[in-house]
Amino acid sequence: IFGDIVAVKILPKNAARGLYRDTCALSDRRISRLRDERKARLASMADMVASESDTAASGSNGSRGSEGSERRIPDIFGMVVAILARNEDRRFTGTLNAEPPMSLRKYTLYLQSLKHPMMWFKPLNNALPFMAVPLSGVPAAMRHCKHKSLCTVRMGAWLTCDPVPAASFIKDLGKRGSIDVETTLILEENAVCYDPFTPNVLKCLPRVPWHIPDRELQCRTDLRPDCIFTIDPPTARDLDDAVSCTLLPNGNALVGVHIADVSFFVRPQSALDKQARLRATTTYMVQKAIPMLPPMLCEDLCSLNPGVDRLAFSVMWEMDSETASVRSTWFGRTIINSACKLAYDDAQSVIDGNHLGSDIACFEH
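Residues numbered from 1 in each chain as written. Predicted model: local features only at pLDDT ≥ 70, side-chain atom pairs only at ≥ 80, totals over all residues. Heavy atoms only, no water.

Trainee: I would appreciate a short explanation of the environment of L128 in the present structure.
Mentor: Looking at the element boundaries, L128 is found in the loop between β4 (118-123) and β5 (131-134). Once the C-alpha coordinates of L128 and F92 are considered, the two residues, 36 residues apart in sequence, prove to be 9.1 Å apart. (Helix = DSSP H or I, 4+ residues; strand = E, 2+ residues; numbered from the N terminus.)

Trainee: Would you mind going over the pattern of salt bridges with me for this structure?
Mentor: Oppositely charged side chains may form a pair once their charged atoms are brought near each other. This model, assessed by the stated rule, comprises 12 salt bridges. D261 is paired through a salt bridge with R333; the nearest N and O atoms lie 2.8 Å apart. One end of the pair, D261, is in the loop between β11 (253-260) and α8 (271-279); the other, R333, is in strand β15 (residues 326-337), with 72 residues separating them in the sequence. Note that R327 and D320 form a salt bridge whose closest N and O atoms lie 2.5 Å from each other. The exposure class of R327 is exposed, given its relative accessible area of 51%. Each of the salt bridges in this network shares a partner with another, and the network as a whole consists of E216, R220, D261 and R333. (Salt bridge = Lys/Arg side-chain N within 4 Å of Asp/Glu carboxyl O. Buried < 20%, exposed > 50% of the residue type's maximum accessible area, 1.4 Å probe, protein only.)

Trainee: Explain the layout of surface pockets here, please?
Mentor: In this model, the largest pocket occupies a volume close to 740 Å³. Surrounding the largest pocket, 21 residues form its lining, R30, L34, P101, S103 and F130 being those nearest its centre. Elements that contribute at least two residues to the lining of the largest pocket include exactly α1 (13-43) and β4. Broken down by element, the residue count for the lining of the largest pocket peaks at 5 residues, all from α1. Roughly 430 Å³ of internal volume is contained in the second largest pocket. Around the second largest pocket, the lining comprises 19 residues; the ones closest to its centre are D89, R91, E188, N190 and A191. (1 Å grid on protein atoms, 1.4 Å probe; cavity = no way out; pocket = protein on both sides within 12 Å on 5 of 7 lines; lining within 4 Å. Points joined across faces, edges and corners; volume = space filled by probe spheres on them.)

Trainee: What is the right way to read the sheet that holds β5 from this model?
Mentor: The strand order β5-β4-β3-β6-β7 describes an open sheet built from 5 strands, whose pairing is antiparallel. The open sheet is flanked by β5 and β7 (167-174), the only strands paired with a single partner. For this sheet, the mean inter-axis angle between neighbouring strands, taken without regard to orientation, is 45°. Bridge count for β4 against β5 is 4 bridges, and the pairing is antiparallel. Directly across from W120, in β5, lies its bridge partner A132. Packing of helix α5 (residues 179-189) onto the sheet brings it into contact with β3 (91-97), β6 (150-155) and β7, and relative to β7 it is tilted by some 150°. (Pairing = 2+ DSSP bridges. Axes fitted to C-alpha atoms, helices over the stretch in contact; angles between N-to-C directions. Contact = heavy atoms within 4.5 Å.)

Trainee: I tried to follow the environment of R90 on my own but got confused; where do I start?
Mentor: Take R90: it is sitting in the loop between β2 (78-85) and β3. Since its relative accessible area comes to 12%, R90 is described here as buried. Residues R90 and R154 lie 64 residues apart in sequence; the distance between their C-alpha atoms is 5.5 Å. A polar side-chain atom of R90 sits 3.3 Å from the main-chain carbonyl oxygen of G156. (Polar contact = N/O pair within 3.5 Å; in protein donor to acceptor, adjacent residues only side chain to side chain.)

Trainee: Explanation requested: α5 in the structure shown.
Mentor: Because each turn of an α-helix spans 3.6 residues, side chains separated by three or four positions in sequence point in the same direction. By the burial criterion, the buried members of α5 are V181, T183, T184, L185, L187 and E188. Directly after α5, the chain includes A191, whose backbone phi takes a positive value near 55°.

Trainee: Would you explain unusual backbone geometry in this entry?
Mentor: Negative phi characterises most residues that are not glycine, and trans characterises most peptide bonds. Residue P209 is bonded to the preceding V208 through a cis peptide linkage, with omega at 0°. Structurally, the position occupied by P209 is in the loop between α6 (199-202) and α7 (214-219). Here the phi dihedral of A191 falls at roughly 55°; this positive angle occurs in a residue that is not glycine. Mapped onto the elements of the fold, A191 is located in the loop between α5 and α6. Among the residues examined, A191 registers a relative accessible area of 66% and is labelled exposed.

Trainee: What exactly am I supposed to notice about a nonpolar patch on the surface here?
Mentor: Nonpolar side chains collect at one region of the surface, where V6, V8, I10, I76, V80 and I83 lie side by side and expose about 540 Å² of accessible area between them. For the nonpolar patch, the secondary-structure elements that each account for two or more residues are β1 (5-10) and β2. The leading source of residues in the nonpolar patch is β1, at 3 residues. Within the secondary structure, I76 is located in the loop between α2 (50-70) and β2. (Patch = residues over 30% accessible without salt bridge, like charges linked within 9 Å, V, L, I, M, F, W, Y side chains within 5 Å. Areas by Shrake-Rupley, 256 points an atom, 1.4 Å probe, with all protein chains shown as cover.)

That is the geometry; function is a separate question.
Rendered as structure tokens:
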């Protein structure tokens, strides 16, 4: 299942050739069985769809040979030999059905062995199997809903003797079509954590009002006198990087890139660190953003807003003004004070030789 960490054994070409052919043959037999089942279902329908049955069957058979002839054994072929770490949060979205799917009805002993009533979860991703969800965990409103609502389940154990895995109900996402449901569906399908930050995470935040500690003022390089500025979309609120460019007496240019020093606020193995690791990044949707860090950090203390002192990690290059070759490089923790917040159009206007508009707030250094 997606997210598992596995060990793979790379096979020699001779062994890979035989295993690959066996795998393809097994896949062909499955496709053929599904095609025959579909053909039988079509044939059992009314006479008016008989012609459709013949057309569909002939079209499928014609494409089968071409698929097989175009197959080529991969240059590197391997097999999974062990699962090193399972993805513990195997959440999937789909719909619930009261009746088991046709493919499961032949497993009569399995269906009879179920000790509790079940509903059957069909994932939106066709690469995933059906799942058995205990009826007791499903809200009453979804058990007999005429319009199938989307829901999220967490996959559980998949015993070797069971044709499908077990799963537990998590939440009802609602009926498809609205922007909120479709947005939630995208987030769920891509395992994006959009839950509110828990109290344990919020406890890791510094007390407000917050000021740069004296020890940081003493051990960091002070770049507050330098002209440093940010360039972002006009609606951006998390300004996490800034740039600078200074002409040196020797004619070279000192170019700097300054990144907000988030590591000062996010301590290793803290609840905040684990939550940020889970989210990995800020996710931008059309109408909203799902932040990686609480707003206090990503929009304030770790945002390089103009006119305020901020902690940063900087890299400075001394570059030849004519050839742009790098003469020297410096890395270090710094304190900066951004002079202004530029949008892309503002920066391009300056590059084109124009002055900044009067509506842009600039802080003198």
